[in-house]
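# Examining the three-dimensional arrangement
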Amino acid sequence: MSSESEFDPFTQNVTFHAADGTPFDVPVEAVDFFIQYCIRICINYGAQLGASVVLLVILLLLTRPEKRRSGVYILNCSALLLNISMLFCQTLYFTSPFVRVYAYFGSDYSRVPQSTYANSVLAVVLRTLLLICIEISLVLQVQVVCANLRRRYRRPLLGLSIIIALIPIGFRLGLMVENCKAITEAASSAPLIWLQSAENITITISICFFCAVFVAKLGFAIHQRRRLGVADFGPMKVIFVMGCQTLVVPALFSILHYAVNVPELSFNVLTLVTISLPLSSLWAGVALDHPSSTHTTSTSSRRNLWHFLSFSHPSDATASSASTATNPLASKTGTATGTGTTCYADPPKSHHHDLEMGYNIAVEHDIAVRSVKREKEAM
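What counts and what doesn't
Residues numbered from 1 in each chain as written. Predicted model: local features only at pLDDT ≥ 70, side-chain atom pairs only at ≥ 80, totals over all residues. Heavy atoms only, no water. Helix = DSSP H or I, 4+ residues; strand = E, 2+ residues; numbered from the N terminus. Buried < 20%, exposed > 50% of the residue type's maximum accessible area, 1.4 Å probe, protein only. Contact = heavy atoms within 4.5 Å. Phe/Tyr/Trp six-rings, centres within 6.5 Å; stacked < 30°, edge-to-face > 60°. UniProt positions renumbered as here; feature names shortened; annotations may be inferred. Core = buried A, V, L, I, M, F, W, Y, C linked by side-chain atoms within 4.5 Å. Patch = residues over 30% accessible without salt bridge, like charges linked within 9 Å, V, L, I, M, F, W, Y side chains within 5 Å. Areas by Shrake-Rupley, 256 points an atom, 1.4 Å probe, with all protein chains shown as cover. Salt bridge = Lys/Arg side-chain N within 4 Å of Asp/Glu carboxyl O. Polar contact = N/O pair within 3.5 Å; in protein donor to acceptor, adjacent residues only side chain to side chain. pLDDT = per-residue confidence, 0-100. Pairing = 2+ DSSP bridges. Axes fitted to C-alpha atoms, helices over the stretch in contact; angles between N-to-C directions. Parallel < 35°, antiparallel > 145°, perpendicular 65-115°, else oblique. Nonpolar A, V, L, I, M, F, W, Y, C, P; charged D, E, K, R; others polar.

Now for the overall build of the protein chain. Secondary structure assignment for the protein chain yields 12 helices and five strands. Residues classed as buried in the protein chain amount to 34% of the 379 residues present. Taking the intrachain contacts of the protein chain between residues at least 6 apart in sequence as the baseline, contacts between residues at least 24 apart amount to 65%.

On to the packing of aromatic side chains. For the coordinates displayed, the defined rule picks out 12 aromatic pairs. For the pair Phe34 and Tyr104, a centre-to-centre distance of 4.4 Å together with 20 degrees between the ring planes defines the contact as stacked. With Phe34 in helix α2 (residues 28-62) and Tyr104 in helix α4 (residues 101-106), the pair connects residues that are 70 residues apart, well separated along the chain. You can call Tyr104 partly exposed: its relative accessible area is 42%.

A few words on the UniProt feature "transmembrane region" (unreviewed entry) in the protein chain. Per the UniProt annotation, the sites labelled "transmembrane region" (unreviewed entry) are residues 34-61, 73-96, 116-145, 157-177, 197-218, 238-259 and 265-288. Across residues 34-61, helical content stands at 100% and strand content at 0%; the span's end C-alpha atoms are separated by 41 Å. Along residues 116-145 one finds 100% helix and 0% strand; the C-alpha atoms at either end are 44 Å apart.

Looking now at the nonpolar core. The biggest cluster of nonpolar side chains holds 44 residues, and the ones touching the most others in it are Leu130, Val142 and Phe210. Listed by contribution, the elements that provide at least two residues to this core are α2, α3 (71-93), α5 (114-145), α6 (151-184), α7 (193-227) and α9 (269-292). Setting aside chain neighbours within four positions, we find Leu130 in contact with Ala79, Leu82, Asn83, Met86, Leu270 and Thr274. Leu55, Leu56, Leu59 and Cys77 belong to the second-largest nonpolar core, a separate cluster that totals eight residues.

The next point concerns a nonpolar patch on the surface. A surface patch of nonpolar side chains, about 310 Å² in accessible area, is lined by Val248, Leu252, Leu256 and Val260. Positionally, Val260 belongs in the loop between α8 (235-259) and α9.

This part covers the side chain of Asn119. Assignment of secondary structure puts Asn119 in helix α5. Separated by 2.9 Å, the side chain of Asn119 and the backbone oxygen of Cys89 make a polar contact.

Positive phi, normally seen in glycine, also occurs at Ser107, with a value near 50 degrees. Tracing the sequence through the fold places Ser107 in the loop between α4 and α5. Positive phi values are uncommon outside glycine, yet Ala186 reaches one of about 55 degrees. Assessed through its relative accessible area of 30%, Ala186 is described here as partly exposed.

Here the protein chain averages 75 in pLDDT, and 68% of its residues register 70 or above. Contacts of residues 374-379 to residues separated by more than four positions or lying in other chains number 10 contacts, the stretch itself having pLDDT below 50.

Structurally, the position occupied by Leu166 is in helix α6. You can call Leu166 exposed: its relative accessible area is 51%. Sequence separation of Leu166 and Glu135 is 31 residues, and the distance between their C-alpha atoms is 8.2 Å.

Relative to strand β2 (residues 23-27), strand β1 (residues 13-17) runs antiparallel, the two being bridged by five bridges. Along β2, the bridge assignment pairs Val14 with Val26. Joining the antiparallel neighbours β1 and β2 is a turn of five residues, in which Gly21 adopts a positive phi near 90 degrees.

Scanning all chains against the criterion turns up two salt bridges. With its nearest N and O atoms 4.0 Å apart, the salt bridge here joins Glu199 to Arg127. Taken together, the positions of Glu199 in helix α7 and Arg127 in helix α5 put the pair 72 residues apart, joining distant regions of the chain. The same class applies to Glu199 and to Arg127, which are both buried. Taking the shortest distance from any N to any O, the salt bridge between Glu199 and Arg172 comes out at 3.3 Å. Linking Glu199 in helix α7 with Arg172 in helix α6, this pair joins segments that are 27 residues apart in sequence. A relative accessible area of 4% means that Arg172 is categorised as buried. One network of salt bridges, with partners in common, ties together Arg127, Arg172 and Glu199.

The next point concerns the environment of Tyr73. The residue Tyr73 is located in helix α3 in this model. Expressed as a C-alpha distance, the spacing of Tyr73 and Leu59, which sit 14 residues apart in the sequence, is 8.9 Å. If we ignore the near neighbours within four places in the chain, the residues touching Tyr73 are Leu59, Leu60, Thr63, Lys67 and Arg68.

Attention now goes to the packing of α5 against α6. The contact between α5 and α6 brings their axes to 10 Å, and the two run at 175 degrees. Our classification of the angle between α5 and α6 gives roughly antiparallel. Of the residues in the contact of α5 with α6, the class split is 17 nonpolar, six polar and four charged.

With that settled, consider the side chain of Thr271. Here Thr271 shows up in helix α9. Residue Thr271 is classed as buried on the basis of its relative accessible area, which comes to 4%. Among all residues touching Thr271, those that are not within four sequence positions of it are Gln48, Ser52, Asn83 and Leu87.

Pasting the structure below:
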C-alpha cells in the first residue's frame, strides 16, 4: 500500500518503440512541456501575424499617393509583408510532421515530406530579408533626420550607421546558412545556440544605437523649437515618442530573454520594430495634417485610399459649394448646402471688370479659402 500511495502518475515514464523495435522511455513531464511550448508559440505567432496584417491594411489605406513612392514607405511595406510571410511559414511548421511526439522524441523524421523542409528553410530566409529591410529603414530614417547636420558630422555618422547595421546582418547570414544545413539534415540546432545569442545581442545593440541617435536628434530639435515658442504637439514629438518606444520595448524583450526562461520573448523583437516604424510615420502624418485642416482643402492628389473608399468625397462638397456660389440668393441670405456652413462674399453690383481678372475670393467656413471664377453677367 505504501508503494502505491507514493506513486505519482504525473511523473511516470511513457515507453515508445523505435522503428527497429528498440524501446525508450520519455517522462510525461517532457511530453507536457513539449505540448505547452507549441501552444504558447502558436499563440504568440498568431498575435504577431494579426497585428502585422492589421497594420499593413491601415498603412495601405491611410498613406497618400505621393508618399507611396518613397523609400521608407516601400521598406515599411516590404518589412510587413516579409514579417507576415515569415510568421505564416513558422505557424505552418507546428502543423507539420516535424511536430509529432514520436518524431520529436525519437528523432525519426522519415515521414516528413520535402515540402515541409522547404517551408522551414523559407522561414529562415524570410527572417534574414526582414532584418535587412529593418536595418536599411533605420539607416535611411536616421540620415533623413540628421540631414541638416554639418558634413563633417554627417558622413562619420553614416559610416558608423552602416557598420552597426552590417554587423547583425552578417551574424544573421551566418546563422541562416548553418540553420538551413541543420534543417535539411534534420540535425539538432543545439550547436547554433551561441550564434543565435550573438545575433540577438547585435540586433539589440543595433536597434538601441539607431534609435538613440534618432531620439537624441529629435529631442534636441524639439528643445530648440520650444525655445522659439513652438510648443504644440507636432510630428517631431510624435516621432520622438515612437522612437523611444522602438528603442525601449524591443530591447526590453531581448534583455528579458536572458533573465526569464520564456523562449517566446525573443520572437517578438523584430515584429515590434516592424510595427513601430510605420506606425510612427502614420501618427506623425496625422499630427501634421490636423493643424492645416482649417486652412487648406485636401486635393485629389493628397487623398488616401481610405477617403477614396468612403461614401462622401471632397469633390461632392466642392460641387455643392460651386452651385451655391452661382446662386445670388444663396450668397445674399447666407444659406449653404453640403456638410459645412458656407459663406461667400457678396459680389459687387457694378458692371465694371474685376481687377483680379474675373476672379472673386470665396471663403468656405472651417474648410478652405480659395478663388472661384466669377460668372459672366447676362447681357
